[in-house]
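Coordinate analysis (summary)
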Amino acid sequence: MERPLEGLRILAFTQLGAGPYAMTLLGDLGAEVVKIEDPAVGGDEARNVPPEAADGDGPYFQALNRNAKSLTLNLRVPEGRDLFHRLVAVSDAVYANTRGDLPEKLGLRYEALRPYNPRIVCCTLSGFGTTGPLRSHPGYDYLVQAMAGFMSLTGEPDGPPAKCGVSVVDFSAGLASALGLLVGLHRARQTGLGCDVDVSLLDTAVSMLNYLAAWVLNTDYRPRRLPDSAHPSLVPSQNFPTRDGWIVVMCMKEKFWERFARLLELDFLLEDARFRTFADRLAHREELLPILKEKTRSRTTAEWLRILGGRVPCAPVLSVEEALASEAVRSSGMIVEYPHPRFGTFRAVGCPIRVAGTAPRYEAAPSLGAHTAEVLRSLLGLGPSEIDELGRKGAI
């Protein structure tokens, strides 16, 4: 079957992580992503991110840019801007992953592009939005984790603030922008008119505070870091030490607490009034947790997984290597392989969105400008001499 986004063409000004992640997922699902790169600066800086980067390519760039077509285009010269406007006329969307002030300066907003295609959807993903006091500031995942309060909640109480080990804001904002782009496209198909879509890392991160924000805004609750990555209100729901490592147990329902206590052979805790309800256990967590930890230390992680698995929500704390090799990940088909000119077979994580009756597309990320001639020929009908002349004028 045809992939669900076949026929959708996006002109993408993307760099580093957040925007390319969004385009990767849409490309997996069939969208044609034309990645526009500035030839004057060597294209996307992600091409040179270590480890193992060489000649404008490496695992980081490959992980975030598969399926894309690379078009070198210089918007600083009139010929380059004209080419871009001609491409807008035959595309569905323009996606810009830049500082918030740049899309307007570069002519990537709807008002600037409407004369060339009134149905065009212009999606901007920036650090701090296209308006406001920080619109011209560069924004990155680590900065926003700090500004949105994430780091104040992460780590042990007596340690320094800590970031998440994964670029959680970049990837979440990428997902939000992909959704926003599709919402804009849906409206354009209904009305015949495009629009601007504005998504920022900071707005996305603040939205992810969700119930914590609701507690802070409506009660006197003040979030704080808790030992063992504990849940702020549900006890027991946290890391527990085992004889050879750690296991996470999440008693998110009363029935799971009851099973947990019985499977730990600590039935007497169920008769203790201090631990009867969620509210009771929260009030007496300092008394309850040492009893539970002493018991979990008596067996290995594997032993506890055999005892608790399928009865109480639990999981081992794995390294990245162990996670990628786990049966759960392998059986889901999330490790994919595709040909690559340098690596031979490149292995990566696949698309998490499954659409019945169709398989995602997995093709290696392109070298800088690999599709410039192809795109100009197939979309605009330019011949070899015209393309050569554009090269001499510095447009491509």
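Residues numbered from 1 in each chain as written. Predicted model: local features only at pLDDT ≥ 70, side-chain atom pairs only at ≥ 80, totals over all residues. Heavy atoms only, no water.

1. Considerations on the layout of surface pockets
Formally: Only protein atoms enter the 1 Å grid used here, on which a cavity is any set of points holding a 1.4 Å probe that cannot leave and a pocket is any open set flanked by protein within 12 Å on both sides along at least five of seven lines; residues with an atom within 4 Å of a point are listed as lining. Grid points are joined across faces, edges and corners, and a volume is the space filled by probe spheres set on the points. Each helix corresponds to a stretch of at least 4 residues labelled H or I by DSSP, and each strand to a stretch of at least 2 residues labelled E; elements are numbered beginning at the N terminus. Only Asp, Glu, Lys and Arg are considered charged in this grouping, and only Ala, Val, Leu, Ile, Met, Phe, Trp, Tyr, Cys and Pro are considered nonpolar; every other residue, Gly among them, is considered polar.
Roughly 660 Å³ of volume is contained in the second largest pocket. Around the second largest pocket, the lining comprises 21 residues; the ones closest to its centre are Phe150, Leu153, Thr154, Leu212 and Ala230. The element that contributes the greatest number of residues to the lining of the second largest pocket is helix α9 (residues 201–218), accounting for five residues. Looking at side-chain class alone, the lining of the second largest pocket contains 13 nonpolar, five polar and three charged residues.

2. A few points about the sheet that holds strand β6 (residues 195–200)
Cut-off, in case you're wondering: Strand pairing follows a simple DSSP-based rule, namely that at least 2 bridges must link the two strands. Here an angle of 0 to 180 degrees is reported between the N-to-C directions of two axes, which are lines fitted to C-alpha atoms, with helices fitted over the stretch in contact. Every residue pair with non-hydrogen atoms within 4.5 Å of one another is taken to be in contact.
Reading across the sheet, the six strands line up as β3-β2-β1-β4-β5-β6 and stay open at both edges, with parallel pairing between neighbours. Where the open sheet ends on each side, the last strands, each with one partner, are β3 (69–72) and β6. Each adjacent strand pair in this sheet contributes to an overall mean axis angle of 20 degrees, direction not counted. Bridge count for strand β5 (residues 121–126) against β6 is six bridges, and the pairing is parallel. Paired with Cys122 across the strands is Asp196, a residue of β6. Taken strand by strand, α9 contacts β5 and β6, and its axis lies near 60 degrees from that of β6. Along the sheet face, helix α16 (residues 372–380) touches β1 (9–13), β2 (32–37) and β3 and points at about 90 degrees away from the line of β3.

3. Quick word on helix α12 (residues 285–296)
Test applied: Residue count minus one, scaled by 1.5 Å, sets the expected span of a helix. Relative accessibility under 20% of the residue-type maximum defines a buried residue, over 50% an exposed one, and the middle range a partly exposed one, all with a 1.4 Å probe and only protein chains included. This arc corresponds to the set of directions leading from the helix axis out to the C-beta atoms.
With twelve residues, α12 should cover 16 Å at 1.5 Å per step; its first-to-last C-alpha distance of 16 Å lies within 8% of that length. Among all positions of α12, only Arg285, Leu288, Leu289, Leu292, Lys293 and Thr296 are buried. Taken end-on, α12 shows its buried residues confined to a sector of 130 degrees, consistent with a single buried face. Packing partners of the buried residues in α12 comprise β7 (237–241), α10 (254–263), α11 (278–283) and α13 (301–308).

4. A look at unusual backbone geometry
Following Pro50, the chain continues to Pro51 via a peptide bond in cis, the omega torsion being 5 degrees. With respect to the secondary-structure elements, Pro51 resides in the loop between β2 and α2 (59–65). Here the amide bond leading from Val235 into Pro236 is cis, since omega sits at 0 degrees, within 30 degrees of zero. Residue position: Pro236 is located in the loop between α9 and β7.

5. So, the packing of aromatic side chains
Using the following cut-off: Geometry of aromatic contacts follows a simple scheme: Phe, Tyr and Trp rings, the Trp one being its six-membered ring, pair when their centres are within 6.5 Å, and the pair is stacked under 30 degrees between planes, edge-to-face over 60, tilted otherwise.
Following the criterion strictly, the structure yields eight aromatic pairs and no others. Plain terms: the ring middles of Tyr21 and Phe171 are 4.6 Å apart, the flat faces sit at 50 degrees to each other, and that makes the pair tilted. In this pair, Tyr21 is assigned in helix α1 (residues 18–28) and Phe171 in helix α8 (residues 168–191), connecting sequence segments 150 residues apart. Classification of Tyr21 as partly exposed rests on a relative accessible area of 21%. You can call Phe171 partly exposed: its relative accessible area is 28%. With a centroid separation of 6.5 Å and 15 degrees between ring planes, the pair formed by Tyr338 and Tyr362 is classed as stacked. With Tyr338 in strand β10 (residues 335–340) and Tyr362 in the loop between β11 (344–349) and α16, this residue pair connects regions lying 24 residues apart in the sequence.

6. Let's talk about the environment of His231
Position of His231 among the secondary structure elements: in the loop between α9 and β7. Overall, His231 belongs to the buried group, its relative accessible area being 14%. Through-space distance from the C-alpha of His231 to that of Met252 is 9.7 Å; in sequence the pair is 21 residues apart. Setting aside anything within four residues of it in sequence, one finds His231 in contact with Tyr211, Leu226, Ser237, Met252 and Arg285.

7. As for the nonpolar core
How we decide: The set of buried Ala, Val, Leu, Ile, Met, Phe, Trp, Tyr and Cys residues whose side-chain atoms join them within 4.5 Å is what this entry labels a nonpolar core.
Counting residues in hydrophobic clusters, the biggest one holds 36 residues, and the most contacted among them are Ile10, Met23, Leu26, Tyr95 and Leu181. Elements that contribute at least two residues to this core include exactly β1, α1, β4 (93–97), β5, α8, β6 and α9. Ranked by residues supplied to this core, first place goes to α8 with six residues. Leaving out residues up to four positions away in the same chain, Leu181 has contacts with Ile10, Met23, Leu26, Ala93, Tyr95, Val121, Cys123 and Val197. Of all hydrophobic cores here, the second largest spans 28 residues; its members include Val34, Leu75, Leu379 and Ile387.

8. Here we look at the pattern of salt bridges
Selection criterion: Any carboxyl oxygen of Asp or Glu that lies within 4 Å of a side-chain nitrogen of Lys or Arg is treated as forming a salt bridge with it.
Here the structure, examined in full by the defined rule, presents 22 salt bridges. One salt bridge connects Lys393 with Glu79, and the closest N-O pair in it is separated by 3.9 Å. Here Lys393 is found in the segment after α17 (384–392), whereas its partner Glu79 is found in helix α3 (residues 78–88), with 314 residues between them in sequence. Take Glu79: its relative accessible area is 26%, and that puts it in the partly exposed class. Residue Arg281 is joined to Glu254 by a salt bridge in which the shortest nitrogen-to-oxygen separation is 3.0 Å. Here Arg281 is found in helix α11, whereas its partner Glu254 is found in helix α10, with 27 residues between them in sequence. Each of Arg9, Glu32, Lys69 and Glu374 takes part in one network of salt bridges that share partners.

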